[in-house]
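Read off the chains here:
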Amino acid sequence: MFQMRGVIPPMLTPFQENGEVDYEGIKALVGFLRDRVDGLFITGSYGGGVLMTPDERMLVTETVIKAAGGKIPVIVQTGTADSRSTAKLTAHAAAAGAAAVSAVGPYYYKHNEDEICAFYSSMVKAAGEETPVYVYNNPGFQGYPMELKTIKKLKDTGVRGIKDATFDIMLHANYMRLLKDDNFDVVLGTEAMWLSACVLGCRAFIPGIANAFPEICRKMYNEGIEGRYEDCRNTQFEVNEMRDIMYLARSTQLAIYAMLEIRGIVKCSPRGPFIPATEGEKNAIRERLKALGVTG
């Protein structure tokens, strides 16, 4: 059974200034990342999946998988507000060659446990036996917490992992202690607390900063996995300072668009209603990164 390992950035989706998907930009970004990371998590929060039409999401999925060329696994976030659309995107991703699929809990309405379980059961059916389904537990975006007993019930109904974006290290510890096994994967959904999660036994994380700076995330990952915890702690603090820099823009996603441009990887825009970082914000980000020594 596939399980995530290593540094797997939640890949940003490039858009043109007019809001159209920038498919050439996608290819360029995948080309930069595929030899530097261990997988790609696409059409999620950084990927702007909810800002795209279903047809766009499917074409983005196909474009990324083709550009990755089998070098790294691609995990597709297929969540929407309704079960039917999510199942359709899930079936497409599985057929297109995704290594796994994931979905944030159905959003807008605050759903009860039975409804949440029915939502993921339809995903499991659509994905088929060969493509594992991961819960993407992000209380801020889905609008409600998922209780541990609900995650346990999802495991029993065929869900094979969780991307933990709760930023709650005690909850993560409980996932590792009570859920993690050969048939259920637990992945950290942030770079902010890799060291702590690694010590608990986590073996993969999904760092937004790795879109633009995969090297430092790789360094931090290796230090943790190799048990060099003092080195990893120092790198963790540096990564968290880079996260502080991300808040110089109006959202972390906008900061990543700016950082990709600053590094010369790809120049692209977010899709509205997001507004690109201003030149002042870009300059502030550039100067802080330079002072930190991660750019020239």
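Reading guide: rules and limits
Residues numbered from 1 in each chain as written. Predicted model: local features only at pLDDT ≥ 70, side-chain atom pairs only at ≥ 80, totals over all residues. Heavy atoms only, no water. UniProt positions renumbered as here; feature names shortened; annotations may be inferred. Helix = DSSP H or I, 4+ residues; strand = E, 2+ residues; numbered from the N terminus. Buried < 20%, exposed > 50% of the residue type's maximum accessible area, 1.4 Å probe, protein only. Contact = heavy atoms within 4.5 Å. Core = buried A, V, L, I, M, F, W, Y, C linked by side-chain atoms within 4.5 Å. Axes fitted to C-alpha atoms, helices over the stretch in contact; angles between N-to-C directions. Parallel < 35°, antiparallel > 145°, perpendicular 65-115°, else oblique. Left-handed = near helix turned anticlockwise from the far one by under 90°. Nonpolar A, V, L, I, M, F, W, Y, C, P; charged D, E, K, R; others polar.

Here's the deal with the UniProt feature "binding site: pyruvate" (unreviewed entry) in the protein
Then step 1. Per the UniProt record, the feature "binding site: pyruvate" (unreviewed entry) sits at Ile 206.
Then step 2. With respect to the secondary-structure elements, Ile 206 resides in the loop between strand E8 (204–205) and helix H9 (214–225).
Then step 3. Look at Ile 206 and you get buried, because its relative accessible area is 1%.
Then step 4. Apart from residues no more than four positions distant in its own chain, Ile 206 is found in contact with Met 4, Ile 8, Pro 9, Pro 10, Phe 41, Lys 163, Val 187, Leu 188, Gly 189, Thr 190 and Glu 191.

Re the side chain of Thr 90
Then step 1. Assignment of secondary structure puts Thr 90 in helix H3 (residues 83–96).
Then step 2. With sequence-adjacent residues up to four places away left out, Thr 90 is seen in contact with Thr 78, Val 101, Met 123, Ala 126 and Ala 127.

Digging into the nonpolar core
Then step 1. By size, the foremost hydrophobic cluster in this structure holds 83 residues, and its most contacted members are Tyr 120 and Met 259.
Then step 2. When residues of this core are assigned to their parent elements, the largest contribution, seven residues, is made by helix H11 (residues 252–262).
Then step 3. Setting aside anything within four residues of it in sequence, one finds Met 259 in contact with Ile 209, Ala 212, Phe 213, Met 242, Ile 245, Met 246, Ile 285 and Leu 289.
Then step 4. With 12 residues, the next largest nonpolar core counts Met 4, Ile 8, Ala 100 and Val 187 among its residues.

Observations concerning the packing of H9 against helix H10 (residues 229–246)
Working note: a packed helix pair is described by the angle between its axes plus the distance between those axes.
Then step 1. Where H9 meets H10, the closest approach of the two axes is 8 Å, and the angle between their N-to-C directions is 150 degrees. Relative to H10, H9 is oriented roughly antiparallel. Crossing angle aside, the handedness with which H9 passes H10 is left-handed. Between H9 and H10, the contacting residues are Ile 216, Lys 219, Met 220, Glu 223 and Gly 224 on the first element and Tyr 229, Asp 231, Cys 232, Thr 235, Gln 236, Glu 238, Val 239 and Met 242 on the second.
Then step 2. In the contact of H9 with H10, the residues fall into six nonpolar, three polar and four charged.

Section: the environment of Phe 205
Then step 1. With respect to the secondary-structure elements, Phe 205 resides in strand E8.
Then step 2. The exposure class of Phe 205 is buried, given its relative accessible area of 0%.
Then step 3. Taking the C-alpha atoms as reference points, Phe 205 and Ala 255, separated by 50 residues in sequence, lie 20 Å from one another.
Then step 4. Here Phe 205 is in contact with Gly 6, Val 7, Ile 8, Val 187, Leu 188, Thr 190, Glu 191, Trp 194, Cys 217, Met 220 and Tyr 221, once residues within four sequence places are set aside.

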